[in-house]
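Now for the letters of each chain:
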Amino acid sequence: MRDDPAGRRDDNPYAPPRGALPAAPPMPGWSSAQLRVLGYLGLATVLGSLVSALLSLGGLIRMPGVALYGDWLGLSLVLLGNYLLLRLKGFAEARFAARGLAGPVWLSVALGLLLEAAALSFEPAPLASWKAWLYAAGLIGYGGLLVWLGVRLLAVPGGFQALRGAGWLAIAGGLMLVSLVFAAQAMLPLLGAQLALARVFFRGAAELRGRD
C-alpha cells in the first residue's frame, strides 16, 4: 500500500474518486444563450403569476378594465408556461437521456389549455352548476398529471438538484389540486416549481458556456 503526498492511503475503499467528473454530453441545437433566455422567461412567468395572484386577492380582477387585462395575462402565462414545459422536456431528454416525460408533459399542456379556455368562456356559476363540477373534475385531472410529471422528474437519471426540487414541488402542488380543498394554496408550491425550472435552465446554460 502506498501513501499519497497528503498521507492518505490510495487503497481506501471509502475514499471518493479522484478523477475528473464526467462532462455534460454534447447537445446539438442547444446553446448557453438559448438556455439563459429560457431561464429569464421562467422568471418572467413567476413574476406574472404573482401579479395575477395579487389582482385576484385584491378583488381588482372583477373590475371591467382590469378583468380584461387579467384574462390576457392569464392566457399569456398559460401559453408561456406550456412552452417552457415543452422546452424542459427537450432539455432533459438531451442532457440526461430522460424517458417517460412525453405523456405527462403533453397531457398537462392539453388539459391546461382546456382549463384556461373554460375559465375564459364560462361566466361565474353556482357551485351546483354542471360547469362548476366539470371544471373541478378538470382541476383534479390536472393535479393528477402534475403528480405524474413530478414522479417522472424525480426519476430523471443524474438530474440537477433543481430538477428534483421541481419534481417534489410539482407533486405537492398536484396533490393540493386533487384535494380541491387546498386548490387555491397550490399556487405556492407551483410557483416554487417554476423557480426551480428557471434554475435548471440557468444551470444548463452554465454548463454550455465554455462550448459556445
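As the structure is a prediction and not an experimental result, all values here were calculated from the model.

**Q** Would you explain the UniProt feature "transmembrane region" (unreviewed entry) in the protein in this entry?
**A** Under the present numbering, the feature "transmembrane region" (unreviewed entry) in UniProt falls on residues 37–61, 67–86, 98–120, 132–155 and 167–188. Spanning residues 132–155, this segment combines 96% helix with 0% strand, and its end C-alpha atoms are found 35 Å apart. Secondary structure across residues 167–188 comprises 68% helix and 0% strand; the distance between its end C-alpha atoms is 14 Å.

**Q** Is there a simple way to explain the packing of aromatic side chains in this structure?
**A** What describes a pair of aromatic rings is the distance from one ring centre to the other and the angle between the planes of the rings. Per the stated rule, a full pass over the model turns up 6 aromatic pairs. Judged by centre distance (6.3 Å) and plane angle (90°), the rings of phenylalanine 91 and phenylalanine 96 are edge-to-face. For the residue pair phenylalanine 91 and phenylalanine 96, the accessibility class agrees, reading buried in each case. When the ring of phenylalanine 91 is compared with that of phenylalanine 160, the centres are 6.4 Å apart and the planes differ by 45°; the resulting orientation is tilted. In this pair, phenylalanine 91 sits in helix α2 (residues 64–96) while phenylalanine 160 sits in the loop between α4 (130–154) and α5 (161–179), placing the two residues 69 residues apart along the sequence. Residues phenylalanine 91 and phenylalanine 160 agree in their burial class; the two are buried. Joined through ring pairs, the aromatic side chains of Trp30, Phe91, Phe96, Phe160 and Phe201 make up one cluster. We note arginine 203 situated over the ring of phenylalanine 160; from NZ or CZ to the ring centre the distance is 4.4 Å.

Rules behind the numbers
Residues numbered from 1 in each chain as written. Predicted model: local features only at pLDDT ≥ 70, side-chain atom pairs only at ≥ 80, totals over all residues. Heavy atoms only, no water. UniProt positions renumbered as here; feature names shortened; annotations may be inferred. Helix = DSSP H or I, 4+ residues; strand = E, 2+ residues; numbered from the N terminus. Phe/Tyr/Trp six-rings, centres within 6.5 Å; stacked < 30°, edge-to-face > 60°. Buried < 20%, exposed > 50% of the residue type's maximum accessible area, 1.4 Å probe, protein only. Lys NZ or Arg CZ within 6 Å of the ring centre and 35° of its normal.

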